[in-house]
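Structural overview for review
In case you want the letters, here they are:
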Amino acid sequence: MDQSDIGSDLESVLLSEEQLSTRLAEMAAQIDADYAGEDLLLVGVLKGAVMVMADLARQLHHPVEMDWMAVSSYGSGTKSSGVVRILKDLDADLTGRNVLIVEDIVDSGLTLSWLLANLRSRGPKSVEVAAMLRKPEANKVEIDVRYVGFDIPNEFVIGYGLDYAEKYRNLPFVGTLAPHVYAE
Ligand SMILES: O=P(O)(O)OC[C@H]1O[C@H](OP(=O)(O)OP(=O)(O)O)[C@H](O)[C@@H]1O
Ligand code: HPA
Ligand SMILES: [Mg+2]
């Protein structure tokens, strides 16, 4: 899927495929250096983190294990209420492990703040976060994101795993949606 397939629904390309992969290589080099000689378990948060997990893992030279979690906010239906339900839990036991949570985006930060507390309660050696994108709103909650790809403006973004109503995840770049898409 590329820019021509999304047509007038796309407002602008915020980060190109090349920008994403260049930055990911830098993050991977940092992660390789930080975990040299250490065990490392990557935990991807479904579904948005699928692309960044696949690309980051392949840029790493470090031998890693990969596991997945699916979580969902519930209640009023408002996104990221902070009340999170586990839809699919990890297969791995985290006791004594170095865990790196891999996320596509930290927006309000509420999903991650819940996830960090949850995973830290399972007796790991360490828990850190790698996120491709971070929005300024994430500053509202105290979260230490060790590896950040890009800080982006407070706009709704799509592509590279990120969806609008489950669509556009397979765009290879990150873009913003044209206003008429929301208005429909
Ligand atoms: O910082 P927050 O405001 O909590 O938002 C970030 C979370 O929201 C998105 O997931 P979403 O719940 O849309 O599920 P998805 O990954 O399946 O699209 C994204 O993948 C993060 O997990
Ligand atoms: O900007 C976004 N786009 C898509 N999904 C999201 N989940 C949190 N923020 C976003
Ligand atoms: Mg989503």
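Please refer to the structure higher up on the page.
Conventions used here
Residues numbered from 1 in each chain as written. Chains lettered and ligands numbered in written order. Predicted model: local features only at pLDDT ≥ 70, side-chain atom pairs only at ≥ 80, totals over all residues. Helix = DSSP H or I, 4+ residues; strand = E, 2+ residues; numbered from the N terminus. Buried ≥ 20, exposed ≤ 12 C-beta atoms within 10 Å, placed from the backbone. Contact = placed C-beta atoms within 7 Å. Pairing = 2+ DSSP bridges.

**Focus on the overall build of the chain**
When helices and strands are tallied, the chain shows five helices and nine strands. Overall, the chain is about 50 × 40 × 25 Å in size when its C-alpha atoms are taken along their principal axes. Looking at the chain as a whole, 30% of its 184 residues are labelled buried. Within the chain, contacts between residues at least 6 apart in sequence are counted, and of these 65% link residues at least 24 apart.

**Quick look at the sheet that holds strand β1 (residues 10–15)**
In space, the three strands of this open sheet follow the order β1-β9-β8, with antiparallel pairing throughout. Strand pairing shows two members of the sheet lacking a second neighbour, β1 and β8 (157–158), which therefore form its edges.

**A few points about unusual backbone geometry**
Put simply, L46 and K47 share a cis peptide bond, and its omega is 0 degrees. Looking at the element boundaries, K47 is found in the loop between β2 (41–46) and α3 (50–59). With a phi angle near 50 degrees, A165 is a residue other than glycine that sits in the positive phi range. Here E166, not a glycine, exhibits a phi torsion of approximately 70 degrees, which is positive. Within the secondary structure, E166 sits in the loop between β8 and β9 (174–177). The exposed category is assigned to E166, around which 7 C-beta atoms lie within 10 Å.

**Comments concerning the pairing of β2**
Counted residue by residue, β2 has five buried out of six residues, so it is predominantly covered. With four bridges joining them, β2 and strand β5 (residues 98–106) adopt parallel strand pairing. Looking across to β5, one finds that G44 is bridged to V102.

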